[in-house]
Amino acid sequence: MKKIIGVGNSLVDILIKIPDISFLNEFNLAKGSMSLVDYATVNKILNRVEKYITQKSAGGSAANTINGLAKLGVSTAFIGKTGKDKYGVFFRDDLKKNGVVEKMFDSPTETGRVAALITPDSERTFATYLGASIELTEKDLTPDLFKNYEICYIEGYLVQNHKLVEAICEYAADNNCEICIDLASYNVVAENKSFLTGIIEKYVDIVFANEDEAREITGYSSPEKAVKHLAKSVNIAVVKIGAKGSMIQSKETFEKIGTIAAKAIDTTGAGDLYAAGFLYGYVNNYSLCKSAEIGAITGGKVVEVIGAKMSDDTWADIKSQIKKIK
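What you are looking at is a predicted structure, and each value in this text was computed from that prediction instead of being measured. Note that residues are indexed from 1 along each chain, following the sequence as it is written. Only residues with pLDDT of at least 70 get local features here, since the model is predicted, and only at 80 or more are side-chain atom pairs given and counted; chain-wide, interface and lining totals rely on the full set of residues. Neither water nor hydrogens contribute to the side-chain values; these are computed over all heavy atoms in the structure.

J.: Is there a simple way to explain the nonpolar core in this structure?
T.: Generally speaking, nonpolar side chains in soluble globular proteins are found buried as a group. As used here, the term nonpolar core means buried Ala, Val, Leu, Ile, Met, Phe, Trp, Tyr and Cys residues forming a set that is joined through side-chain atoms within 4.5 Å. A simple rule labels every residue: compare its accessible area, found with a 1.4 Å probe on the protein chains alone, to the largest value its type can have, and call it buried under 20%, exposed over 50%, or partly exposed in between. Counting residues in hydrophobic clusters, the biggest one holds 62 residues, and the most contacted among them are Ile4, Phe78, Phe208, Ile248 and Phe278. At 9 residues, helix H10 (residues 270-283) tops the list of elements feeding residues into this core. Beyond its immediate stretch of four places on either side in the chain, Phe208 contacts Tyr153, Cys180, Ile181, Asp182, Leu183, Val238, Lys240, Tyr274, Ala275, Phe278 and Leu279. Counting residues in each nonpolar core, the second largest holds 44 residues, with Val7, Leu158, Leu230 and Val239 among its members. Counting from the N terminus, the helices are the DSSP runs of H or I reaching at least four residues and the strands are the DSSP runs of E reaching at least two. Contact between two residues is taken to exist if any of their heavy atoms lie within 4.5 Å; hydrogens are not considered.

Dropping the structure here:
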């Protein structure tokens, strides 16, 4: 089985069930938004709502995908940067606990963290302190980090640092890794479209995008036209279309796969876990159709829980469903 290494932002997700929106108003946070905040503000928020904290986990888009792959039994590693603080220790320990090899770098800056404030209607409002996570640079990396891995999974948010992404792609390619990228956010795609297009054409083998991201990078509002356009530059293109499922295009094959029945309470991590399921199928030589079906299972199951981490019982259920696909 192929081994997968991920590179992304290292953030500790702190889930907080608040009793009403007064807490959001207190910190001028628009309900349902994601706001970047400074160190003082995130700590002020966390101190204020400490008694409502329900869960902490190692987060960030790529970390979520890598953790999901590890839970499915894939050999994985993760590259990121954290501070020398309790959150940094927590992030690394969480990776190890889930079977991920950590290839982390230290920073004097504190570890990035996300205060995810969940109102009674289950909507999430994010206050994000990026901290040490955005200090990962091309100077930290060496080709040996990617040695003995067959796939490199890149978090799309990193494309805002062009030199970093170029170095990741060069080192991964030098080690004969297949390169996979998730486009992460339509606004990040819009701001870096020319650079991202060049990286995809030169290096990328597998690309994941949602409808908005696919439209932004290709110019096509039709997901089917967008996925076919992307597949001209890569071996496999995947466009996720929310509750309608996903579309997959390779050089020879087009597939459209639906979703599983799920009682969605929180869509955070759905795309990340879809990618984990799809790549699990891919490294186990499943067809594109069956890989997408596994992605539908993992992405569908995670929306039934708060946050991007699932219990061991849920993972056992997922594995049981995957066996049926075989």
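J.: I would appreciate a short explanation of the packing of aromatic side chains in the present structure.
T.: The description of an aromatic ring pair uses the distance of the two centres, along with the angle that the planes make with each other. Ring pairs shown here join Phe, Tyr and Trp side chains whose ring centres sit within 6.5 Å, with only the six-membered ring taken for Trp; geometry is labelled stacked below 30 degrees between planes, edge-to-face above 60, and tilted in between. Tallied over the entire structure, the rule returns 7 aromatic pairs. Measuring from centroid to centroid gives 6.4 Å for Phe208 and Tyr274, while their planes differ by 80 degrees, and the two rings are edge-to-face. Placement of Phe208 in strand E11 (residues 206-210) and of Tyr274 in helix H10 is noted, with a sequence separation of 66 residues between them. Ring geometry for Tyr274 and Phe278: centres 6.3 Å apart, planes at 20 degrees, overall stacked. Note that Tyr274 and Phe278 are positioned in helix H10 at a spacing of 4 residues, about one turn of the helix. The pair formed by Tyr274 and Phe278 is uniform in burial state, with each residue classed as buried. Ring-pair connections join several aromatic residues into one group, and the members of that group are Phe208, Tyr274 and Phe278. The side chain of Lys3 reaches across the aromatic face of Tyr149, ending 4.9 Å from its centre. Note on criteria: charge over ring means Lys NZ or Arg CZ within 6 Å of the ring centre, with the direction from the centre no more than 35 degrees off the ring normal.

J.: Just checking my understanding: could you explain the sheet that holds strand E4 (residues 53-59) for this structure?
T.: The strands making up a sheet associate through hydrogen bonds between their backbones, and the pairing can be parallel or antiparallel. Two strands form a pair only when DSSP identifies at least two bridges running between them. If you trace the 5 strands from one edge of the open sheet to the other, you get E3-E8-E7-E2-E4, paired in mixed fashion. Every other strand in the sheet has two partners, leaving strand E3 (34-36) and E4 as the edge strands with one partner each. This sheet shows a mean twist of 20 degrees between the axes of neighbouring strands, independent of strand direction. Where strand E7 (residues 112-118) meets strand E8 (residues 124-129), 6 bridges bridge the pair, whose relative direction is antiparallel. Within the sheet, the bridge partner assigned to Ile118 lies in E8 and is Arg124. Sitting on the sheet, helix H2 (residues 39-48) touches strand E2 (11-17), E7 and E8, and the angle it makes with E7 is about 45 degrees. Interaxial angles span 0 to 180 degrees and are taken between N-to-C directions of axes, which are lines fitted to C-alpha atoms, for helices over the stretch in contact. Contacts between helix H4 (residues 86-97) and the sheet are confined to E2, E4 and E7, with E4 contributing the most and set at about 70 degrees to the helix.

J.: So what exactly am I meant to see when it comes to empty space enclosed by the protein here?
T.: Any empty space left between the atoms is revealed when a probe the size of a water molecule rolls over them. Of the grid points, spaced at 1 Å and generated over the protein atoms alone, those admitting a 1.4 Å probe that cannot get out make up cavities, while open sets with protein on both sides within 12 Å along at least five of seven lines make up pockets; any residue with an atom within 4 Å of a point is treated as lining. Grid points are joined across faces, edges and corners, and a volume is the space filled by probe spheres set on the points. Following the criterion strictly, the structure yields 1 cavity of 30 Å³ or more and no others. In this structure, the largest cavity spans a volume of roughly 50 Å³. Asn64, Asn67, Gly68, Lys71, Leu273, Ala308, Lys309, Met310 and Trp315 together form the lining of the largest cavity. A per-element tally of the lining of the largest cavity places helix H3 (residues 61-71) first, with 4 residues. Each residue gets one label: Ala, Val, Leu, Ile, Met, Phe, Trp, Tyr, Cys and Pro are nonpolar, Asp, Glu, Lys and Arg are charged, and the others, such as Gly, are polar. Of the residues assigned to the lining of the largest cavity, the class counts are 4 nonpolar, 3 polar and 2 charged.

J.: Explanation requested: the pattern of salt bridges in the structure shown.
T.: It is possible for side chains of opposite charge to pair when their charged atoms get near one another. Think of a salt bridge as a Lys or Arg side-chain nitrogen and an Asp or Glu carboxyl oxygen that are within 4 Å of each other. A complete count under the given rule lists 14 salt bridges for this structure. Asp94 is the partner of Lys97 in a salt bridge, and the nearest nitrogen-oxygen pair spans 3.4 Å. Placement of the pair is Lys97 and Asp94 together in helix H4, with a separation of 3 residues, close to one helical turn. For Asp182, the salt bridge identified is with Lys240, shortest N-O distance 3.2 Å. Of the two residues, Asp182 is situated in strand E10 (residues 178-182) and Lys240 in strand E12 (residues 236-240); the sequence distance between them amounts to 58 residues. Residue Asp182 shares its accessibility class with Lys240, and that shared class is buried.

J.: Honestly, the pairing of E12 in this entry has me stumped. Any pointers?
T.: Where a strand is regular, its side chains alternate between the two sheet faces. Across the 5 residues of E12, 5 count as buried, placing the element largely inside the fold. Where burial is concerned, the two faces of E12 agree: the one with Ile236, Val238 and Lys240 and the one with Ala237 and Val239 are both buried. In this sheet, E12 lies alongside E11 in parallel orientation, the contact comprising 5 bridges. Each residue of the ladder has a partner; that of Ile206, found in E12, is Ile236. In this sheet, strand E13 (residues 246-250) lies alongside E12 in antiparallel orientation, the contact comprising 5 bridges. From the neighbouring strand, Val239 faces E13, where its bridge partner is Met247. The hairpin formed by E12 and E13 contains 5 residues between the paired strands, and Gly242 there has a positive phi angle of roughly 60 degrees.

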